Structures are given as C-alpha cells and as structure tokens.
Amino acid sequence: MQLLAESSSKKSYRIVIEGVVQGVGFRPFVFQLAKEYGLCGYVTNSGSGVVVAVEGTPEHIDSFLVMLQQKKPPLARIDKIEKESTSPLNLENFSIVDSLKSTVSTMLLADMSLCNDCLEEMQDKENRRYNYPFINCTNCGPRYSIIKNLPYDRKMSSMDSFAMCEKCQEEYHNPNDRRYHAQPISCYECGPSLKYVTLSGEEEHDQKKALEKIATLIKAGEVVAIKGVGGFHIVCDATNSEAVRSLRENKHRPTKPLAVMFKSLQAIKKVASMSKKEETLILSKERPITIVKKREHTTLSHLIAPNIDRIGVFLPYTPLHVLLLKKVKVPLVATSANLSGEPIIVDEKEIFQKMPFVVEHLLTYDREIVNACDDSVVQESKHHTITLRMARGYAPFSLYYKQKTAKKILAFGANQKVTIALAFENNILLSPHIGDIDSISSSEYFQKTLETLQRVYKFEPDIVVCDKHPKYETSRFARAYVDEHAGVELVELQHHYAHALSCMAEYSLDEDVLAFCFDGTGYGDDGKLWGGEVFVANTKKYERVYHFKELALLGGEVAIKEPRRVGLSMLFASFSLETILQMDSPLVNAFKESEIRTLYSMYERGINSPQSSSVGRLFDGVYALSGFTQSLGYEGESGLILESLSEKSKSKAIFKYFLQEGVVEYAPMIAEILEEPSKEKIAKKFMNTLVHMILTIAEKYPELPLVLSGGVFQNRVLVSMLTQKLREKKRAYYIPSSVAINDGGIALGQAYFAFKNSKG
Ligand SMILES: [Zn+2]
Ligand SMILES: [Zn+2]
C-alpha cells in the first residue's frame, strides 16, 4: 500500500535544454543538482542540446527546474527548456550517459580567461599545478582556438597529441571534479610545455629558465613575441619609450594606440580613471581590451597612445600571462603579432619569417593554435557598452531566435573587420573578427575560417549573402561559391542596410525602424559611396529618406588616408578657386599652389573623385579644416582625435546646416569652421551638430524606434550625448552592444536579412 502511494506520487519527464549547454560543464551540474533533490534518471548530450530524463516528486522536480536556470555553470546559456511527461523510468539512481556518436554540438564556444579557482590553485605551492602555465578547468581555458571539429572533445582538438596522465584522467572522469570533461585538462606531467626560442636557433626548454630569460629581455628593453590563446602578441615594457619606439618603427605602426596588459585592476588605476562599469568590463570573464581614460602623468611611455587621452587596457587572461607579469613587474604592451592588415600570427616559424626585424626572441609552447583569434576590444559610453572588435571571449557568438529558418545561410561580411555568419534552425552564429581582406594572407585566413565553420557544422548553404560592392574580395568569394555550387542562391545586400539589420538582429527587431547608419564608405544603390544614411527600414526592405550631401574624394582611395584632400574638396564645394588660393589657413598651406590647381581640375571634371555621403569622411574633412593636415596613421584617427578634443570644450552651440529634400546640407558649416580658432570648440560643435541633425530628423518620424549603427558610432562622446538626449526625450532607440558596431557586424546583418526572408 505504502509502495503504491509512493510510486504514484512520482512523475517522470523528458527535459530538453537548448542553448550554450555543451562543453561548459552542464551535464555534471545537472548530475549534482539531480542528486541534491534525490531524483533518478540520466543526462546526456544530443544534437539539439542536453536531454535530461528525471523521475521524482513533482515538488522536487519543480525545484530542480528552477535551480537549473538559477545555478547554471558560468559559461552556460539557456535559450529554451521543453518538458514532457514520459512513462516511468524505473531507474534507481542518476547518471551521466555518454553522448551518442552522431551528436554534433550546436555551438562552437569562445576561449575563456583563467578562472579564479584555477588562479588560486596555480598560486598554491602545495598544488600539483603550482605555477603551471596551462592550468584550466571546465569553467575556463581554450576552446575555439584548439577545436578541429565538433563535438567538442579532446580527440577533436589540438590537445589530442597529449595523452592524459593518471591523475588528470581521474579528474576528467569524476563528475564531482571541476575538471570533469574539461577537454584541455593537463598538468606538468602530461600537458604542453613552455619553450624559449631565438631567431638564431637557440632554445631553452626548462620552463623556469625560459620564463626567466624572456622576462630579463623585456626588462632590458627588448621587444619579444609571446604565444597567447589565439595567436602571438608582440610584447615590450610599456614604461620604456625606447622599447615602444622600436616596436612602432619596426612594425610600421606610427601612431595607432597600443593595448597594455597590467597585473591587476589596482595597477590599471594608477594610469587610468575608470567608472564602475568600466572596471566590471575589465574584470569580466571575457577579459576584453577596454578603452578607458588615460591619466595625465603616469609611468607609461607617451608613445603608447599619442595625441589621444584614451588607452586600451586589459588583465592577464592566461596562466602564462599571470606568471610573466609577476616576473617582469611592469605593465606590458601586448599587441597582436601581425603585419599591417594581415591576420594574427599563430605559428612561431612565421613570426621569424615575417617579423625578423621586430622580434628576435619568443616564448612559445607546443599546443597548436588551430583557429586564430584576436583580442576583443570594447568601451563604455554613458549608457552602453560598445564593442569595437568581437573576438576572444565573445566569439564565436550565437544568437537564438524563436522563429526557425528552413534554409542554411552563409554570410560573408564586408571588406574590413570581416566576420562570417552562419544561420541555421533557430540560430545565427557569428565568427570572431577575421580582419581586413586586403592581402593574400588575410584572404587565406578568411577562406580557412570559412572552411573550418563549414566543416564543423557540416554546413552546405542554401543561400549565400555578400556585400553589394562589386569589388570586395568577399563578394568575389561569394559569387565564386555560388558559381561552383548549383542551386545556391546569392543575395547581395547594401552595406548600410546591413548595418541597420545587424543592430536589428541583436535585438530581434522585425518592425519598421528609423535607422541612422553613419559609417566609412560603402557601395550605394546609386553607385556612389554611401556612409551617411537614414533609412526607414524593416527586415524586408528599406527606403533612404535622408543622406548627407556628397563630397568628392579627391584621388579616391588616397583621400581616405589624407584628410587634407577631403578638407580641400569641401572648400572647392563652397568657394571659388581664386578665393581658396588667397586663404591663409593651415589646410590651404598644406598644399603647393600647383597641387591645388591640379586637384581642382580633377574636382571640376569629376576625374578620380568619387562622390561620397560618408559621415566618416566628413569627420576627416572637419579634422582637416580645423588645421590637422598630416596623413592618418590608422583608420579612424581623425575621429578619435576630434573625440578627445571635444571633451575639452563645454560649448553647446551647433554649426549651421539645413535639411532639404532628403539631403543633409552642411555647407554653411565650412565657413564657420574656418573662422573658429579653437580646435576643441570645433570638435565639440561638430558633435553637437551631428546630435542635433539626428534628433531633428527623428522628430519627423515620431512613431519609429531609432537604430544607430555603423563605424561612426564608435565615437563615445557622440553616442553618450545622443543617447542622453534620446533618454530625456523618452525616445525608443537601439544601438549594437554585444555585436561590433562597425563592419564587424555586417555579416550578422546579412544573415539576419536572409533568415527573415527565406521561406521554409
Ligand atoms: Zn578554471
Ligand atoms: Zn596530467
């Protein structure tokens, strides 16, 4: 009688959990939770996620389900839980069942920084992994960078060449251990080891000595290379200007800011002032490079971030970094090892082949980097985190949608900051940052990433999406792919519409929006170079309701590197040649008279002077008009310098402009800028004007939520001022936050378009 009552009060369920639930310690977590509530059954991986069969009292099962969400492992993400009753299981305990052979995990996971538990262990003299440079557990360590194929398993990773020792085996197979099924698990006895190598072929395999050697060299002012998670860093003492100068000269990187790694948040506080939000970002488990405000007088070399008052900082994210920083006791410049425009280097031989003038010494190890992955870069604006580069820690990144697509979609991105997106079933997956596709090696890297993603997901697309630009390398790849694969549909999407869609994808938007897409240049529907666009858009279509007045880019590509050409072109649009030649301004003085005459005739006849409505180029023009006439050291430099300057002015004034028949006409601004002696004031008034323009246009469409997207919105001051005003006006708006706001987000927008428009 008793027995009968008990069994009838028990319920049995099959629970399917979807999301990021594989390779993150989810099964042992479920196992322990089930034991806690005295449930019977089992947990296993399946193609669609994790499947749990449970049996117990309804109260216990309810609590189990609540705790499943509340206490989930740090790297897990639950998108969906489905529960259905089943017939009794008749099991006596709870177990973890090995996954079926056919299982393919739905998601590739990002590399994760060293967790606090592992940090504690490596600092504990009694621990068998004391000072071990490759310590990791289920909650931390490499993933994407070592994966060859899915399901994520040691055999499918570059850890396959390291056979686990007995002790590691034990931990690996014990569901109560933090390292249960931690694929890169290893120790001194069985794992990868450190090695010091020189250009001349000298090697040191003793870990202690190798570390000692590299630290001594850094302290002596040498520039060295160190293998990180997804590639090599070029490293030097950040307080030594000679070392930084040598790095810059040899890497041909004159002014682009360099990221600096510090041993602790306290150490960062000495050189930067940060908000609580910025501190949280720096300390987050993703450990991104975070751009923060530089203090004025610090021990750091002034060459780290010349002409701007911002600095990219980050904390050590591998055990090796921790050991190194402890040894050198100074902050370290740690910049990706690559030649300008090329992908990050993952192979030690390549370092010496490609950069023999930059480094002669490197610290490396024998675990292969299968997939390269750069550092992520983020910054805080007043109300939002803005992602500038989505890579280590964040990507591969997946978004889950309620709607399902019956098609498989592959999106190729644009030309700069390229990423690749895959859409299937309820998901869109975005690759880490690949880079600018303008060299042979970056094209190869793009192809390699594409092949990896396709192989891992056994992905044969039905639809391929690319940028509308006829000459982008990625568009060529896309067309070639479609030519070679019968039945695959090609979609070519306008660049700035893809920017709007990228933001809409992040927030699952479907309705009409008013999208401000301010960017560098992208190919427009009229064959001109767009980049200052206002669209009324939804996921099906867009209408260009406003755009900035086009300016001529004198010399085409050259003008993108030489803002003075853009400034001169703006003068041509407003003044006669004779008036310009008589002007006494730094901009006019930056040219010979004969040069101005030649450029004017180019301008007049429209030779090699493409028309562009880009706000990015307008920044260049304003920068030049305010007196900066040198060429840019890196893309976006003019914007960063104007941003820094604008913060020094309190002006609330705006420049004159007007809106006419869908065109933002800023010509009156040009004469005003020439008359304004303060660069700070010019910068601030220009930002104020942009905010004013956006708000004025927004008022014409009061019913639509705003979308803000494109590279120009990397500008923290602009975004802070604008979003503050929008909040005061209680106006709904969206701005990309998790996804890169620049061209790094284009692939997501492209995939989202096809996702929303593909019929089952
Ligand atoms: Zn750990
Ligand atoms: Zn071991």
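In the block above lies the structure referred to throughout.
1. A closer look at the coordination of the zinc ion (ligand 2)
Coordination of the zinc ion (ligand 2) by the protein involves Cys-165 (SG), Cys-168 (SG), Cys-187 (SG) and Cys-190 (SG), with metal-donor separations of 2.2 to 2.3 Å. One can describe the site at the zinc ion (ligand 2) as tetrahedral: its 4 donor atoms subtend angles covering 103 to 116° at the metal. Between consecutive donors of the zinc ion (ligand 2), the numbers of intervening residues give the motif C-x2-C-x18-C-x2-C. Cys-168 shares its class with Cys-165; the two are buried.

2. Notes on the coordination of the zinc ion (ligand 1)
Any two of four tetrahedral donors ideally make an angle of 109.5 degrees at the metal, while pairs among six octahedral donors ideally make 90 or 180 degrees. In the first shell of the zinc ion (ligand 1), the protein supplies Cys-115 (SG), Cys-118 (SG), Cys-137 (SG) and Cys-140 (SG), at 2.3 to 2.4 Å from the metal. Of note is the zinc ion (ligand 1), whose 4 donor atoms meet at the metal with angles of 103 to 117° in an arrangement that counts as tetrahedral. Donor residues for the zinc ion (ligand 1), ordered by position in the chain, follow C-x2-C-x18-C-x2-C. For Cys-118, a relative accessible area of 0% gives the class buried.

3. Let's talk about the packing of aromatic side chains
Summed over the entire model, instances satisfying the criterion amount to 25 aromatic pairs. Relative to Tyr-752, the ring of Tyr-401 lies with its centre 5.5 Å away and its plane at 35°, an arrangement referred to as tilted. Residue Tyr-401 is found in strand β18 (residues 397–411), and its partner Tyr-752 is found in helix α25 (residues 746–757); the two are separated by 351 residues along the sequence. Judged on exposure class, the residue Tyr-401 and its partner Tyr-752 are both buried. Between the aromatic rings of Phe-619 and Phe-686, the centroid separation amounts to 4.8 Å while the plane-to-plane angle is 75°, which identifies the pairing as edge-to-face.

4. Describing the state of the cysteines
Scanning all chains against the criterion turns up 0 disulfides. Looking at the unpaired Cys-503, the closest cysteine sulfur is the one in Cys-517, lying at 8.7 Å.

5. Observations concerning the nonpolar core
Grouped together as the largest cluster of nonpolar side chains are 117 residues, with contacts concentrated most on Leu-514, Phe-516 and Phe-713. With 11 residues, the single largest contributor to this core is helix α23 (residues 679–699). Not counting residues within four places of it along the chain, the set of residues in contact with Phe-516 comprises Glu-533, Val-534, Ile-694, Ile-697, Ala-698, Leu-706, Val-707, Leu-708, Ser-709 and Phe-713. Residues Ala-414, Ala-423, Ala-500 and Val-707 belong to the second largest nonpolar core, which totals 41 residues.

Basis of the calculations
Residues numbered from 1 in each chain as written. Chains lettered and ligands numbered in written order. Predicted model: local features only at pLDDT ≥ 70, side-chain atom pairs only at ≥ 80, totals over all residues. Heavy atoms only, no water. Donors = N, O, S within 2.8 Å, 3.2 Å for Na, K, Ca; no water. Tetrahedral: all angles 85-135°; square planar, octahedral: opposite > 155°, others 65-115°. Buried < 20%, exposed > 50% of the residue type's maximum accessible area, 1.4 Å probe, protein only. Phe/Tyr/Trp six-rings, centres within 6.5 Å; stacked < 30°, edge-to-face > 60°. Helix = DSSP H or I, 4+ residues; strand = E, 2+ residues; numbered from the N terminus. Disulfide = S-S within 2.5 Å. Core = buried A, V, L, I, M, F, W, Y, C linked by side-chain atoms within 4.5 Å. Contact = heavy atoms within 4.5 Å.

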